[in-house]
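Single-letter residue listing:
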Amino acid sequence: MIYLDNAATSFPKPAQTIEYLNSFVTNIGGNPGRSGHTLSLEAARVIFETREKLTAFIGMTDSERLIFTQNGTESLNMALLGLLREGDHVVTTRMEHNSVMRPLEFLSHERAVSYTAVPCSPEGFLDIDDIRVALRKNTAAVVINHGSNVTGTVQSLEGVKDAVGEAVLIVDACQTIGCMPVDMETIRADILCFSGHKSLFSVQGVGALYVRSGIELTPLKFGGTGSKSESIQHPTFLPDRYECGTPNTPGIASLLGGLTFIEKEGLGTIMDRKQALRRMLVDGLRAIPGVEVYGHKGPEGASFLATAAFNIEGRLPSDVGYELNRRSMYVRIGLHCAPMAHQTVGTFPNGSLRASPGYFTGEDDIRAFVEAVREIAGE
Amino acid sequence: MPENKAFILLFRSIHDVLRAEKMLKKQGVPHELVPVPRNLSSDCGMCIRLDSDATEIRRGLGGMEIDRSFAFDGENYEQIEL
């Protein structure tokens, strides 16, 4: 079996992910912050420790502003639906995932929010000048995909906040976090949204967002928090304001395991390893006649994640995906929930195949995969 | 103020309780996490009990926001400004 769908979710997970998850479910299991007993307190400690570690991981210190969610999509929904008001304008790019585009479409119908999606190059790069031109007096937010889930293109965010000015800069770091340094002070994001189950190695069902001080979001959910129980008014303080109901504590425990693993291995080691696999994969695929790899070329200093969208000339991605699946090689096919990104790349409506190795992918796996694509291309 | 045996500190959230705990540990201020006494709050969570003096507690918490503070003489709680 060769799993090359790590951009969707990482698999396998490190031993620490499973150990922390197992330890929580076996030994703790309480509802965090809901009772005065030891198991409830221990559960709350797991969340607190994860919150602190994750906050430091993104270069911040105020851990109460780090909000746990179910996934990257929920984080982006919280940011967009919580921030935008009737008549606001948003600037985004034509490389976004549907977790940005669909909330924006909803808001355009329900709250008369307008948006401008600026074009990107066929390799997926954004020109900051296009953002500048798209800004209006009523632009309340700018939403940018940090790393494409289609082409792996990493958007340099240098200078973006300067261009954006007063508007809230929301960065979707679902693909980049855990693959490269994502430091909120460096990229100057106002809200950072990401998932835990991709390159942070948690199990599925965990995401987060960090909301900088001074930004007020209307919560998406209201309910029990274990705090101020005498009041029927929802709390105004963080993190309780944005987190209610029983959280996914086992998932958050697994995220603590994932972060512990990353700390032990070193982010630099993980980056180097995945970049070596990326080069091997892209070069291997590009050497096959009739295979086109999208993106993975660009100006000096351009960087790409280990995510390669490709097609075999004259073949539907679904047919090639079927052939690969028969060989127990698992890639993603289609539009990857990002139709506009495929329009940008020129692969709409058929989409593409997408191979995304992970930290545990072997060089042999890449060689075998490239050989299989060569074989299928020759049929 | 009654003769004080302990201070009871209530925080807004379990996050703040654990943050306070972390700071007190770091500063070496002895403390204990205990369930919030029912007569102080309807909250079902935890609070912090300390036997140190007020100056020591303030130093340990480094200006962190406390929801409510009480002096406890073994029988009665008196709300105080710490």
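Rules and cut-offs
- Residues numbered from 1 in each chain as written.
- Chains lettered and ligands numbered in written order.
- Predicted model: local features only at pLDDT ≥ 70, side-chain atom pairs only at ≥ 80, totals over all residues.
- Helix = DSSP H or I, 4+ residues; strand = E, 2+ residues; numbered from the N terminus.
- Rg over C-alpha atoms; globule rule 2.2 N^0.38 Å.
- Buried ≥ 20, exposed ≤ 12 C-beta atoms within 10 Å, placed from the backbone.
- Contact = placed C-beta atoms within 7 Å.
- Axes fitted to C-alpha atoms, helices over the stretch in contact; angles between N-to-C directions.
- Left-handed = near helix turned anticlockwise from the far one by under 90°.
- Pairing = 2+ DSSP bridges.
- Domains from an automatic or database assignment.
- Nonpolar A, V, L, I, M, F, W, Y, C, P; charged D, E, K, R; others polar.
- Arc of directions from axis to C-beta.

### With respect to the overall build of chain A
Then, number 1: If you tally the helices and strands in chain A, you get 12 helices and 15 strands.
Then, number 2: For a compact globule of 379 residues, the expected C-alpha radius of gyration is about 21 Å, and chain A comes in at 21 Å, within 12% of that figure.
Then, number 3: Principal-axis analysis of the C-alpha atoms gives chain A an extent of 70 × 55 × 35 Å.
Then, number 4: Expressed as a percentage of the 379 residues in chain A, the buried residues total 53%.
Then, number 5: Taking as baseline every contact in chain A between residues at least 6 positions apart, the subset at least 24 positions apart corresponds to 70%.

### Focus on the packing of helix 1 (residues 15-28) of chain A against helix 8 (residues 249-265) of chain A
All names here are of chain A.
Then, number 1: Where helix 1 meets helix 8, the axes come as close as 7 Å, and the angle between the chain directions of the two elements is 145°. Crossing of helix 1 over helix 8 shows right-handed handedness. Together, Gln16, Thr17, Glu19, Tyr20, Leu21, Phe24 and Val25 of helix 1 and Thr249, Pro250, Ala253, Ser254, Leu256, Gly257, Gly258, Thr260 and Phe261 of helix 8 make up the contact between the two elements.

### A short note on the sheet that holds strand 1 (residues 6-10) of chain B
Residues and elements named next belong to chain B.
Then, number 1: If you trace the five strands from one edge of the open sheet to the other, you get 2-3-1-4-5, paired in antiparallel fashion. The open sheet has two edge strands with one neighbour each: strand 2 (32-35) and strand 5 (77-80). On average, each strand axis in the sheet is tilted by 35° relative to the strand beside it, whichever way the strands run.
Then, number 2: Bridge analysis of strand 1 against strand 4 (residues 68-72) gives five bridges, and the strand direction is antiparallel. Considered in strand 4, the bridge of Leu10 is made with Arg68.
Then, number 3: The sheet contacts of helix 1 (residues 14-27) involve strand 2 and strand 3 (46-50), and relative to strand 3 the element is tilted by about 30°.

### Points about unusual backbone geometry
All names here are of chain A.
Then, number 1: Put simply, Phe11 and Pro12 share a cis peptide bond, and its omega is -5°.
Then, number 2: By the element assignment, Pro12 lies in the loop between strand 1 (2-3) and helix 1.
Then, number 3: A positive phi is found at Phe201, a non-glycine position, where the angle reads about 65°.
Then, number 4: Positionally, Phe201 belongs in the loop between strand 8 (191-195) and strand 9 (207-211).

### Here's the deal with the environment of Gly362 of chain A
All names here are of chain A.
Then, number 1: Turning to its location among the elements, Gly362 is positioned in the loop between strand 15 (352-355) and helix 12 (363-378).
Then, number 2: Take Gly362: there are 11 C-beta atoms within 10 Å of it, and that puts it in the exposed class.
Then, number 3: Sequence separation between Gly362 and Phe222 is 140 residues; the distance between their C-alpha atoms is 45 Å.

### Quick look at the domain arrangement of chain A
Residues and elements named next belong to chain A.
Then, number 1: What the domain assignment lists for chain A is domain 1 (2-11 + 266-378) and domain 2 (15-263).
Then, number 2: Averaged C-alpha coordinates put domain 1 and domain 2 at centres separated by 27 Å.
Then, number 3: Among the elements of the structure, helix 9 (267-286), strand 11 (303-304), strand 12 (308-312) and helix 11 (339-345) are those that each provide at least two residues to the side of domain 1 that touches domain 2.
Then, number 4: Among the elements that line the side of domain 1 that touches domain 2, the one with the most residues is helix 11, at six residues.
Then, number 5: Its residues assigned to classes, the side of domain 1 that touches domain 2 comprises 16 nonpolar, 12 polar and three charged.

### Description of the pairing of strand 3 of chain B
Residues and elements named next belong to chain B.
Then, number 1: For strand 3, the buried fraction is high: four of the five residues fall into the buried class.
Then, number 2: Note that strand 1 and strand 3 share three bridges and pair antiparallel. Considered in strand 3, the bridge of Phe7 is made with Leu50.
Then, number 3: Across four bridges, the pairing between strand 2 and strand 3 is antiparallel. Pairing of Glu32 across the sheet is with Arg49, part of strand 3.

### A closer look at the interface of chain A and chain B
Then, number 1: The partner chain B presents 13 residues to the 18 residues of chain A that form the contact.
Then, number 2: Residues belonging to the side of chain A that touches chain B are distributed by class as follows: six nonpolar, six polar and six charged.

### Observations concerning helix 2 (residues 54-61) of chain B
Residue and element names in this part refer to chain B.
Then, number 1: Residues Ile57, Gly60 and Leu61 constitute the buried set of helix 2. The arc that holds every buried residue of helix 2, seen down its axis, measures 90°, which confines them to one face.
Then, number 2: Buried residues along helix 2 sit in contact with strand 1, helix 1 and strand 3.

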